[in-house]
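Residue-level listing of the chains:
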Amino acid sequence: MIHLQDIIGQQEATGRLRTCLAADRMPHAFLFAGPDGVGRETTALALAALLLCESPQTDLAGQRTACGSCQSCRLIAGGNHPDVHRIYKELARYHENADIRNRKMQSLGIEVIRSFLLAPAGRASTQGQGKVFIVLETELLTIEAQNSMLKILEEPPPKTTIILVCGKADMLLPTTRSRCALIRFGALPHDFVIEKLAAAEVQPTEAAFWAAFTDGSVGGALDHAAAGLYDIKCDILGRLAALGPAGDVTLGESLATTSDTLAEAEVKRIKKSAGADLAKTLATRRAAAVMLQLIAAAYRDAMTVATGAERVLINADQAAAVADLAARHDPDQIAEILQQLSRYERLLWRNVAAKTVWDNVVLTCASAATLNV
Ligand SMILES: [Zn+2]
């Protein structure tokens, strides 16, 4: 079982939590905001362990800590404490209503919040120590779902704590945000990420790339490595570096196929690990967004080289390809490409066909090259 003091690289977040815990009036609703894979959910579980422990101890540093041996602690360690409720969009699969069960889940809707948060929050806790609700991916909460939670966030039943986990706090309604104590999580040290990847048998060059690309997200880095994205990124960067003004007719097609393949693999993975159906469109958008970010990282590196900035390259493993990109574009063109790439990422979320987006990406990268010829 993880204790609050064992959370690595998030001293500011855990320090803030300690201050909250020591206060006379402990907040009942928290908003854990920060990048994916930096320990937000692990910290939420550590906080739950402390809140639900039957005999909390004081450690040598004078910090209150879960005992690790009471029944509640053992249940948390086993991942099946009946009063710790993890809430995520795929729970719709277990909804009593078949219509809701059979929907493809793209958002975290009011039905899931009603059945898995509001209803159990109104019942007594099983172990008698209180209840903790950890709501994941809250940026996917619908407005209706957020509105349904306002009352419980304002005044939860006794001994009930609600932790909302999200990427950026400003993706939630101001009325939701203002009812929660905001705890910010930052990126983890790159060396720490590299160490974790090495433990998962990822090669050092690849590990260094993911640490830099995810800017210190262990979870993100492990996911990308496991998805086999490294070979894909090496291939894409190589082809972008070789992209002449005539473009590359097969590149758009190949990028579309790759994002499709990645999405299919993700749908299968979620099905296997959680038994849930991830909407293929959502999976495709996510995969395409990561690929666009990989491409953007290459152009940010090219900008670093073109402007002679003192920054370590994300793609240090392909420095020659980055140098080729930088030699072909001036900084204004690179800035233009980066701007277009972020525009394409937004377009992906507006039902624009992935193939159209990829063709445009290639055109953008190639046409800027034309300008310089
Ligand atoms: Zn305990």
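Residues numbered from 1 in each chain as written. Predicted model: local features only at pLDDT ≥ 70, side-chain atom pairs only at ≥ 80, totals over all residues.

Scanning the protein chain from N- to C-terminus turns up 16 helices and 7 strands. Relative to a compact globule of 373 residues, whose C-alpha radius of gyration would be 21 Å, the protein chain shows 23 Å and is just as compact. By principal-axis analysis of the C-alpha atoms, the protein chain measures approximately 70 × 50 × 35 Å. Among the 373 residues that make up the protein chain, the fraction classed as buried is 40%. (Helix = DSSP H or I, 4+ residues; strand = E, 2+ residues; numbered from the N terminus. Rg over C-alpha atoms; globule rule 2.2 N^0.38 Å. Buried ≥ 20, exposed ≤ 12 C-beta atoms within 10 Å, placed from the backbone.)

Once that is clear, we can look at the environment of L182. For L182, the position within the fold is in strand β7 (residues 181–184). With 14 C-beta atoms packed within 10 Å, L182 lands in the partly exposed category. For L182 and L31, which are 151 residues apart along the polypeptide, the C-alpha to C-alpha distance reads 4.8 Å. In contact with L182, other than residues within four places in its own chain, are L31, A33 and A169. (Contact = placed C-beta atoms within 7 Å.)

Our focus in this paragraph is the environment of L45. Within the secondary structure layout, L45 lies in helix α2 (residues 40–52). Residue classification places L45 among the buried residues on the basis of 22 C-beta atoms within 10 Å. Taking C-alpha positions, L45 is 9.9 Å from F133, a pair spaced 88 residues apart along the chain. Ignoring anything within four residues of it in the chain, the contact list for L45 reads I2 and I76.

Further remarks concern the confidence of the model for the protein chain. Looking at the protein chain as a whole, the pLDDT averages 89, with 97% of positions reaching at least 70. Below pLDDT 50 for its whole length, residues 369–373 participates in 12 contacts with residues either more than four positions away or in separate chains. (pLDDT = per-residue confidence, 0-100.)

In this section: the pairing of strand β1 (residues 29–33). The element β1 is largely enclosed, with a buried count of 5 among its 5 residues. Across the two faces of β1 the burial is the same, with A29, L31 and A33 and F30 and F32 all buried. When β1 meets strand β6 (residues 160–166), the two strands line up parallel, connected through 5 bridges. The partner of A29 across the bridge, within β6, is I162. (Pairing = 2+ DSSP bridges.)

A word on the sheet that holds β6. Across a sheet, strands are paired by hydrogen bonds formed along the backbone, either parallel or antiparallel in direction. The 5 strands are arranged β4-β5-β6-β1-β7 in an open sheet whose pairing can be described as parallel. The sheet terminates laterally at β4 (84–87) and β7, the two strands that pair on one side only. Pairs of neighbouring strands in the sheet enclose a mean axial angle of 20°, with direction left out of account. (Axes fitted to C-alpha atoms, helices over the stretch in contact; angles between N-to-C directions.)

Count 3.6 residues to each turn of an α-helix, and residues three or four apart come out pointing the same way. Listed as buried for helix α10 (residues 218–226) are V218, G220, A221 and H224. For α10, the buried positions fall inside an angular range of 165° around the axis, keeping them on one side. Contacts made by the buried residues of α10 are with α8 (190–199), α9 (204–213) and α11 (229–241). Trailing α10 by a residue or two, G228 shows a phi angle of about 70°, which is positive. (Arc of directions from axis to C-beta.)

What follows concerns the packing of α11 against helix α14 (residues 319–328). Put simply, α11 and α14 touch, their axes get as near as 8 Å, and they point 35° apart. As α11 packs across α14, the resulting crossing turns out to be left-handed. On the side of α11, the interface is formed by L237, G238, L240 and A241, while α14 contributes A321, D324 and L325. In terms of residue class, the contact of α11 with α14 is built from 5 nonpolar, 1 polar and 1 charged. (Left-handed = near helix turned anticlockwise from the far one by under 90°. Nonpolar A, V, L, I, M, F, W, Y, C, P; charged D, E, K, R; others polar.)

This part takes up the domain arrangement of the protein chain. Taken domain by domain, the protein chain comprises domain 1 (4–184) and domain 2 (227–371). Look at where the C-alpha atoms of domain 1 and domain 2 centre, and you get two points 35 Å apart. (Domains from an automatic or database assignment.)

We now examine the packing of helix α13 (residues 280–307) against α14. It is at 8 Å that the axes of α13 and α14 come closest, and there the two elements cross at 70°. Between α13 and α14, the interaxial angle falls into the category roughly perpendicular. The element α13 and its partner α14 pack so that their crossing is right-handed. Residues A298, Y299, D301, A302, V305 and A306 of α13 form the contact with α14, whose participating residues are V322, A323, L325 and A326. Residues of the contact of α13 with α14, tallied by class, amount to 9 nonpolar, no polar and 1 charged. (Parallel < 35°, antiparallel > 145°, perpendicular 65-115°, else oblique.)

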